[in-house]
Structure formats: C-alpha cells, structure tokens
Amino acid sequence: MTAVTNWESNLTRLGLTLPPVAAPVAAYIPAIRTGSLVYTSGQLPFVNGELSAVGKVGAEVSTEDAKEAARLCALNALAAVHALVGLDAVVRIVKVVGFVASAPGYNDQPIVINGASEFLAEVFGDAGVHARSAVGVSELPRNTPVEVEIIAEVK
C-alpha cells in the first residue's frame, strides 16, 4: 500500500478527485514540460465533458459561480499536470493566469480568479501560493466564463 501524499489527502478532504484530462478542442496539448517547469494550456471549467457555466461574468454568470468555475479550471489544470508528470513531482505552483469573460463594466476579475488561487493553496499549502494575473476579456472559447492556465515547478 502506498502512502497518501498531502495533495491526495487534501483533495479527498475537499471531496474531490482528479478528473480525466479534458480533450483539446483545437491544435494543442494539455500540458508540456520544459526543464523543471510544466505549463498547462488554458483549462475550462469542464465537469464530465460539460461546461459548469456559460456566459459573461457580471451578466449571465455571477461572481460566485465564476469563482467556482475558476476552481474547476484549476482542478482540470492539475489533472493535466498529473497526466504528464504526476502531482507527486510538483515542487510548487509558480504562476496562475486567469481569463474572465466580462460583461461591460465588470471589474472583479481578481475575485473570480481567487477561486483557482485559493484552491491551489488548499491542495498544496504554501507550495500552492503563486504569482498571478487576472485578465478581463470580451470572449472565451465555447462561451465559457473563465479559463485558467498554470505553471508548476516539478522535480
């Protein structure tokens, strides 16, 4: 029997498991390693192949629902990292970039992307605390409200 690592026990405590890696919707791969870094492609808030929400934040999607979508994006990003190198190899999360499809005048993008940031800290503790950008955009693929990518340092 193998020991449960912190990330595994933390996901269990949160009532979560790593989902299968979302299939790319265009010409890219979910994650790639160069040296000691793994970069993920932008991940959408898919749950069982369906988006958790659609529309613009501040119009069809509430800030709280978008924050939960950002959390799901981060979970999907971790699945991509795990499929490539295994989460046991993660030394720390270095950077998160979050995109928020924003209604005109909406400017709480940092609160939305906190969904991803807070989740990564819950999973990895201090190693999940990272640099970050939260960017408002007019459109995202498939009318998703949020897209998140991460950079992880690995052993």
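Please refer to the structure higher up on the page.
A brief structural summary. (Residues numbered from 1 in each chain as written. Predicted model: local features only at pLDDT ≥ 70, side-chain atom pairs only at ≥ 80, totals over all residues. Heavy atoms only, no water.)

### Examining the packing of helix α2 (residues 63-85) against helix α3 (residues 109-124)
At a minimum axis separation of 7 Å, α2 and α3 run at an interaxial angle of 45 degrees. Overall, the two elements α2 and α3 adopt an arrangement that is oblique. In terms of crossing hand, the pair formed by α2 and α3 is right-handed. From α2, Thr63, Ala66, Lys67, Ala70, Arg71, Ala74, Leu75 and Leu78 reach across to α3, where they touch Ile111, Val112, Ile113, Asn114, Gly115, Ala116, Glu118, Phe119, Leu120, Glu122, Val123 and Phe124. Of the residues that constitute the contact of α2 with α3, the class distribution is 13 nonpolar, 3 polar and 4 charged. (Axes fitted to C-alpha atoms, helices over the stretch in contact; angles between N-to-C directions. Helix = DSSP H or I, 4+ residues; strand = E, 2+ residues; numbered from the N terminus. Parallel < 35°, antiparallel > 145°, perpendicular 65-115°, else oblique. Left-handed = near helix turned anticlockwise from the far one by under 90°. Contact = heavy atoms within 4.5 Å. Nonpolar A, V, L, I, M, F, W, Y, C, P; charged D, E, K, R; others polar.)

### Here we look at the nonpolar core
Side chains that are nonpolar tend, in soluble globular proteins, to be buried together. Counting residues in hydrophobic clusters, the biggest one holds 37 residues, and the most contacted among them are Leu78, Ile93, Val112, Phe119, Val146, Val148 and Ile150. Secondary structure elements with two or more residues in this core: α1 (6-13), α2, β5 (90-101), α3 and β7 (146-154). Examining the composition of this core, we find that 10 residues originate from one element, α2, more than from any other. Those residues in contact with Leu78, other than ones at most four positions away along the chain, are Leu18, Leu87, Ile93, Phe119, Leu120, Val123, Phe124 and Ile150. (Core = buried A, V, L, I, M, F, W, Y, C linked by side-chain atoms within 4.5 Å. Buried < 20%, exposed > 50% of the residue type's maximum accessible area, 1.4 Å probe, protein only.)

### Section: α2
Its 23 residues give α2 an end-to-end C-alpha distance of 33 Å, which sits within 8% of 33 Å, the value for a rise of 1.5 Å per residue. Downstream of α2 by one or two residues, Gly86 has phi in the positive range, about 85 degrees. (Expected span 1.5 Å × (residues − 1).)

### A closer look at the environment of Gly86
Counting through the fold element by element, Gly86 comes out in the loop between α2 and β5. Taking the C-alpha atoms as reference, Gly86 lies 9.3 Å from Val154; in sequence the two are 68 residues apart.

### Re a nonpolar patch on the surface
A cluster of nonpolar side chains, namely Ile29, Ile32 and Tyr39, defines an oily patch on the protein surface of about 280 Å² accessible area. When you line up the elements, Tyr39 lands in strand β2 (residues 37-40). (Patch = residues over 30% accessible without salt bridge, like charges linked within 9 Å, V, L, I, M, F, W, Y side chains within 5 Å. Areas by Shrake-Rupley, 256 points an atom, 1.4 Å probe, with all protein chains shown as cover. Salt bridge = Lys/Arg side-chain N within 4 Å of Asp/Glu carboxyl O.)

### A short note on the sheet that holds strand β1 (residues 31-34)
The strand order β1-β2-β7-β5-β6 describes an open sheet built from 5 strands, whose pairing is mixed. Each edge of the open sheet carries a strand with a single partner, namely β1 and β6 (131-137). Ignoring which end each strand starts from, the neighbouring axes of this sheet average 15 degrees apart. Along the sheet, α2 contacts β1, β2, β5 and β7; its crossing angle with β7, the most-contacted strand, is approximately 40 degrees. (Pairing = 2+ DSSP bridges.)

### Things to note about unusual backbone geometry
Phi angles above zero are rare outside glycine, and Arg142 is one such case at about 60 degrees. Of note, Arg142 is situated in the loop between β6 and β7.

### Brief notes about the environment of Pro19
Within the secondary structure, Pro19 is located in the loop between α1 and β1. Placed 12 residues apart in sequence, Pro19 and Trp7 show a C-alpha to C-alpha distance of 14 Å. Leave out the neighbours within four places in its chain, and Pro19 touches Leu75, Asn76 and Ala79.

### What to know about the pattern of salt bridges
A complete count under the given rule lists 3 salt bridges for this structure. Among the ionic pairs, Lys56 bridges to Glu139, the shortest N-O distance being 3.0 Å. In this pair, Lys56 sits in the loop between β4 (50-51) and α2 while Glu139 sits in the loop between β6 and β7, placing the two residues 83 residues apart along the sequence. Given the relative accessible area of 16%, Lys56 is considered buried. Under the relative-accessibility criterion, Glu139 is labelled exposed at 53%. Its salt-bridge partner being Glu118, residue Lys67 comes within 3.2 Å of it at the nearest N-O pair. With Lys67 in helix α2 and Glu118 in helix α3, this pair connects stretches of sequence that are 51 residues apart.

Purely geometric stuff here, so don't read any function into it on its own.
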